[in-house]
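# A structural walkthrough
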Amino acid sequence: MAWKNIVGSPFDPDSFDAYCHSLSWTSWRPSFLVLHNTGVPSLEQRPHGFNKVHLQNLVAFYRDQKGWSAGPHLFIDDRQIWAFTPLTVSGVHSPSWNKLSVGIEMLGDYDKDDFSSGRGLAVRQNTVAAMATLSAVLGLDPSTIKLHREDKATTHACPGVKVRKIELINEVQQLMAVRHTGEHLA
Ligand SMILES: [Zn+2]
């Protein structure tokens, strides 16, 4: 299967917001966001988050080992938001929802890693910022956010149990009210 290539660049929440505003979804347009965690690697296994070598290793995993055409769209660590599969084309991350959704991977194993303090909290805050931006730019209702494990076609318990969807939806809605008021009301 032809590999779709990756963006491979890191953004902070502000530059990610500007980046998303520069994109146009002309050939493919997602209808909702799907949240994942990497499990492996855990936070401990990536003490400084991701780097460009890690991203190339992920390319080798999805393209060469799995034989997929793409991977998830974003990898988010405690420092940055890494653009992987371009947000303007469909990715591969959740069997039922690849053609419909943006796939967002958080660094960590949130069955074990703390999701409300320290590095886990930083991952969470970057993820909420990215989801608020994507919801605003794409005109998506945050209440439609899904967890990978809600896909009946998946065998993965992903993300970990410490990721509670209702809390994240609330956090995205709050950030949108503060930061994205009046944007993209169409
Ligand atoms: Zn997943």
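See the structure printed just above.
Residues numbered from 1 in each chain as written. Predicted model: local features only at pLDDT ≥ 70, side-chain atom pairs only at ≥ 80, totals over all residues. Heavy atoms only, no water.

Let us look at the sheet that holds strand β4 (residues 81–83). Spatial strand order, β1-β4-β3-β5-β2-β6: six strands in an open sheet with mixed pairing. Each of the sheet's edge strands pairs with one partner strand only, and the pair in question is β1 (9–11) and β6 (146–147). Across three bridges, the pairing between β1 and β4 is antiparallel. What sits directly across from F11, in β4, is I81. Most of the contacts of helix α2 (residues 52–65) go to β4, to which it runs at about 45°, and overall it touches β1, β3 (74–76), β4 and β5 (101–106). (Pairing = 2+ DSSP bridges. Helix = DSSP H or I, 4+ residues; strand = E, 2+ residues; numbered from the N terminus. Contact = heavy atoms within 4.5 Å. Axes fitted to C-alpha atoms, helices over the stretch in contact; angles between N-to-C directions.)

Glancing now at helix α1 (residues 13–21). Those residues of α1 that fall on the buried side of the exposure criterion are F16, D17, Y19 and C20. Along the long axis of α1, the arc covered by the buried residues comes to 160°, so they all point the same way. If you follow the buried residues of α1, they end up packed against β1, β3, β4, α3 (118–138) and α4 (165–179). (Buried < 20%, exposed > 50% of the residue type's maximum accessible area, 1.4 Å probe, protein only. Arc of directions from axis to C-beta.)

Turning to the packing of α1 against α3, a few remarks are in order. Taken N-terminus to C-terminus, the directions of α1 and α3 make an angle of 20°; their axes are 10 Å apart at the nearest point. With respect to their mutual orientation, α1 and α3 come out roughly parallel. As for the relative orientation of α1 and α3, their crossing is right-handed in sense. Along the contact surface, α1 presents P13, F16, D17, C20 and H21, while α3 presents N126, A129, A130, T133, L134 and V137. Classifying every residue of the contact of α1 with α3 gives seven nonpolar, three polar and one charged. (Parallel < 35°, antiparallel > 145°, perpendicular 65-115°, else oblique. Left-handed = near helix turned anticlockwise from the far one by under 90°. Nonpolar A, V, L, I, M, F, W, Y, C, P; charged D, E, K, R; others polar.)

Below, the discussion takes up the packing of α3 against α4. One way to put it is that α3 packs onto α4 with a least axis distance of 9 Å and a crossing angle of 60°. Relative to α4, α3 is oriented oblique. Here the hand of the crossing between α3 and α4 comes out right-handed. When α3 is examined against α4, the residues R124, V128, A129, M131, A132, S135 and A136 are found in contact with a partner set consisting of E167, L168, E171, V172, L175 and M176. Of the residues in the contact of α3 with α4, the class split is nine nonpolar, one polar and three charged.

Attention shifts here to the coordination of the zinc ion. Ideal values differ by geometry: the angle at a metal is 109.5 degrees with four tetrahedral donors, but 90 or 180 degrees with six octahedral donors. Those donors, H36 (ND1), H148 (ND1) and C158 (SG), are the protein atoms that reach the zinc ion, and they lie 2.0 to 2.2 Å from it. In primary-sequence terms, the residues that donate to the zinc ion follow H-x111-H-x9-C. With a gap of 112 residues between them, H36 in strand β2 (residues 32–37) and H148 in the loop between β6 and α4 connect regions that are remote in the sequence. In this pair, the class of H36 matches that of H148, namely buried. (Donors = N, O, S within 2.8 Å, 3.2 Å for Na, K, Ca; no water.)

With 15 residues, α4 ought to run about 21 Å at 1.5 Å a step, and its terminal C-alpha atoms sit 21 Å apart, in line with that. Considering only its buried residues, α4 is in contact with β2 and α3. (Expected span 1.5 Å × (residues − 1).)

This paragraph deals with the nonpolar core. Ranked by internal contacts, the top residues of the largest apolar core, which has 47 residues, are F16, L74, F84, L87, I104 and L134. At the level of elements, α1, β2, α2, β3, β4, β5, α3 and α4 are the ones that each hand at least two residues to this core. When residues in this core are grouped by element, the largest group, nine residues, is from α3. Not counting residues within four places of it along the chain, the set of residues in contact with F16 comprises F11, L74, I81, L87, A130, T133 and L134. (Core = buried A, V, L, I, M, F, W, Y, C linked by side-chain atoms within 4.5 Å.)

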